[in-house]
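Examining the three-dimensional arrangement
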Amino acid sequence: MRPPRNVSPAAARRRSLLLDATLGILIGIVVLIAAAGIGVVGFLGLLGALVIVPWYLIEGGLRRRRR
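Residues numbered from 1 in each chain as written. Predicted model: local features only at pLDDT ≥ 70, side-chain atom pairs only at ≥ 80, totals over all residues. Heavy atoms only, no water.

Concerning the overall build of the chain
- Secondary structure assignment for the chain yields one helix and zero strands.
- Taken over the C-alpha trace, the chain has a radius of gyration of 28 Å; the compact-globule value for 67 residues is 11 Å, which it surpasses by more than 25%.
- Each principal axis of the C-alpha distribution contributes one length, and for the chain these read about 90 × 20 × 15 Å.
- Each of the 67 residues in the chain was classed as buried or not, and the buried ones make up 1%.
- Counting every atom, the chain has about 6,500 Å² of accessible surface; 72% of that belongs to carbon and sulfur. (Helix = DSSP H or I, 4+ residues; strand = E, 2+ residues; numbered from the N terminus. Rg over C-alpha atoms; globule rule 2.2 N^0.38 Å. Buried < 20%, exposed > 50% of the residue type's maximum accessible area, 1.4 Å probe, protein only. Areas by Shrake-Rupley, 256 points an atom, 1.4 Å probe, with all protein chains shown as cover.)

Description of the pattern of salt bridges
- Applying the stated criterion across every chain yields a total of one salt bridge.
- Linking arginine 63 and glutamate 59 is a salt bridge whose minimum nitrogen-to-oxygen distance equals 3.9 Å. Of this pair, arginine 63 and glutamate 59 both sit in helix H1 (residues 9–66), four residues apart, roughly one helical turn.
- Take arginine 63: its relative accessible area is 52%, and that puts it in the exposed class. (Salt bridge = Lys/Arg side-chain N within 4 Å of Asp/Glu carboxyl O.)

What to know about the environment of proline 54
- Note on placement: proline 54 falls in helix H1.
- Owing to a relative accessible area of 35%, proline 54 belongs among the partly exposed residues under this scheme.
- Proline 54 sits 36 residues away from leucine 18 along the chain, and the two C-alpha atoms are 54 Å apart.

In structure tokens form, the structure reads like this:
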């Protein structure tokens with residue numbers, strides 16, 4: 001079903017505003033979901049770095065001590 005062609009300028013502005021608001025809300029939801037995903041990946045990466053970096057430092061110290 002098509003919207004009517006002869007629309008008053010006020011009605012056209014309201015439709016345009018409704019479309020813009022709907023698209024803005026959808027984009028905002030997508031951005032929040034993506035940001036949450038990036039945050040989870042960053043948090044897991046930080047935990048991994050906190051485990052791996054000391055491990056490398058300890059191994060390097062032990063190698064130097066052996067020499």
